[in-house]
Amino acid sequence: MGLGNPRSFPFIEPPPLASVETAVQYLQEQGALDTEEELTAVGRLLAQLPVDVVIGKMLILACPFLLVEPVLSLAAALSLQSPFVRLRQGEPDRSAARATLESEEGDPFTLLNAFEGWLQVSRPCLCVSVHMCLSTSPVCVSAQVSCVCEGV
């Protein structure tokens, strides 16, 4: 990317050196950086995606298997904050609502059950909801993944 050494980058507020070292080590473990701390082919693809490294790798690996659409849906679900988390002290506990949607297959399937429940109660206004989601989206990750897949 041509930004130089992250340890000497002119940050406005530089992060602790230990954090930079941890980030470099993590990117090397993920295959995004080589031993000379240069971007690998995977790293160059990941740099094009506005998502977490692990989610990005999942999307990149979906390309050769022609599984981009279902993996993109899973990536979107994994990128969201759980709808079952209590945000404020005064909010009601959501564990009872979660229990009715719980799946033995794990949290992604529980989230899918929650989404299907939402579809059932909001079917008349689904088009408006989808239109609003699309129009307020800051980036179209799907289009970016398609561009990245062309390079795989």
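Here we summarise the structure given alongside this text. Each chain has its residues counted from 1, following the order in which its sequence is written. It should be noted that, the model being predicted, local features are given only for residues of pLDDT at least 70 and side-chain atom pairs only at 80 or more, the latter also being counted only at that level, while totals for whole chains, interfaces and linings use all residues. Only hydrogens and water are set aside; all other atoms, that is, all heavy atoms of the structure, feed into the side-chain values.

Some thoughts on the overall build of the chain
Note the following rule: The way it works is that DSSP assigns letters per residue, a run of H or I at least four long becomes a helix, a run of E at least two long becomes a strand, and they are numbered from the N terminus. Here, two residues are considered to be in contact whenever any of their heavy atoms come within 4.5 Å of each other.
When helices and strands are tallied, the chain shows eight helices and zero strands. The linear arrangement of helices and strands in the chain, starting from the amino end, is α-α-α-α-α-α-α-α. Within the chain, residue pairs in contact and separated by at least 24 positions form 35% of the contacts whose partners lie at least 6 positions apart.

Focus on helix H4 (residues 68-79)
Each α-helix winds once per 3.6 residues, and so residues spaced three or four apart point in a common direction. Definition in use: Multiplying one less than the number of residues by 1.5 Å gives the expected span of a helix. Only protein chains enter the accessibility calculation, which uses a 1.4 Å probe; a residue whose area is less than 20% of its type maximum is buried, one above 50% is exposed, and one in between is partly exposed. Regarding the arc, it is the one traced by the directions from the helix axis to the C-beta atoms.
Between the first and last C-alpha of H4 there are 16 Å, a value that for twelve residues agrees with the 16 Å anticipated at 1.5 Å per step. Listed in full, the buried residues belonging to H4 are Val68, Val71, Leu72 and Ala75. Buried residues of H4 fall within an arc of 105 degrees about the axis and therefore sit on the same side.

Concerning the pattern of salt bridges
Here is the rule we go by: A carboxyl oxygen of Asp or Glu within 4 Å of a side-chain nitrogen of Lys or Arg is what we treat as a salt bridge.
A full pass over the atoms with the stated rule returns two salt bridges. Where glutamate 21 meets arginine 7, a salt bridge forms, and the shortest distance between an N and an O atom there is 2.5 Å. One end of the pair, glutamate 21, is in helix H1 (residues 17-29); the other, arginine 7, is in the segment before H1, with 14 residues separating them in the sequence. Residue glutamate 21 is classed as partly exposed on the basis of its relative accessible area, which comes to 36%. With a relative accessible area of 30%, arginine 7 lands in the partly exposed category. We note a salt bridge from glutamate 37 to arginine 7, for which the minimum N-O separation is 2.8 Å.

Quick word on the nonpolar core
Heads up, the rule is: For this analysis, a nonpolar core means a set of buried residues of the types Ala, Val, Leu, Ile, Met, Phe, Trp, Tyr and Cys, connected via side-chain atoms within 4.5 Å.
Counting residues in each nonpolar core, the largest one holds eight residues, listed as Ile55, Leu59, Ala62, Cys63, Val68, Val71, Leu72 and Ala75. Looking at this core, the elements with two or more residues in it are helix H3 (53-62) and H4. For this core, the element with the highest residue contribution is H4, accounting for four residues. With residues up to four places along the chain from it excluded, the contact list for alanine 62 reads Leu67, Val68 and Val71.

Concerning the packing of H3 against H4
Put simply, the rule is: Whenever a helix is involved, its axis is fitted only over the stretch in contact; in every case the axis is a line through C-alpha atoms, and angles between N-to-C directions fall within 0 to 180 degrees. Each angle is binned into one of four classes, with values under 35 degrees roughly parallel, values over 145 roughly antiparallel, values of 65 to 115 roughly perpendicular, and all other values oblique. Just so you know the grouping, Ala, Val, Leu, Ile, Met, Phe, Trp, Tyr, Cys and Pro go in nonpolar, Asp, Glu, Lys and Arg go in charged, and all remaining residues, Gly too, go in polar.
As a packed pair, H3 and H4 sit with axes 9 Å apart at the nearest point and diverge in direction by 170 degrees. The pairing of H3 with H4 is recorded here as roughly antiparallel in orientation. Only Val68, Val71, Leu72, Leu74, Ala75, Leu78 and Ser79 of H4 make contact with H3, whose side of the interface consists of Ile55, Met58, Leu59 and Ala62. Grouping the constituent residues of the contact of H3 with H4 by class yields ten nonpolar, one polar and no charged.

A look at the environment of valine 20
The topology assignment puts valine 20 in helix H1. Beyond its immediate chain neighbours, meaning those up to four positions away, valine 20 contacts Pro6, Arg7 and Pro15.

Some remarks on H1
Under the 1.5 Å per step criterion, the end-to-end length of H1 is 18 Å for 13 residues, consistent within 8% with the ideal 18 Å. In the segment just after H1, glycine 31 is the residue with positive phi, at about 85 degrees.

So far we have only geometry, and geometry alone does not tell us how the molecule works.
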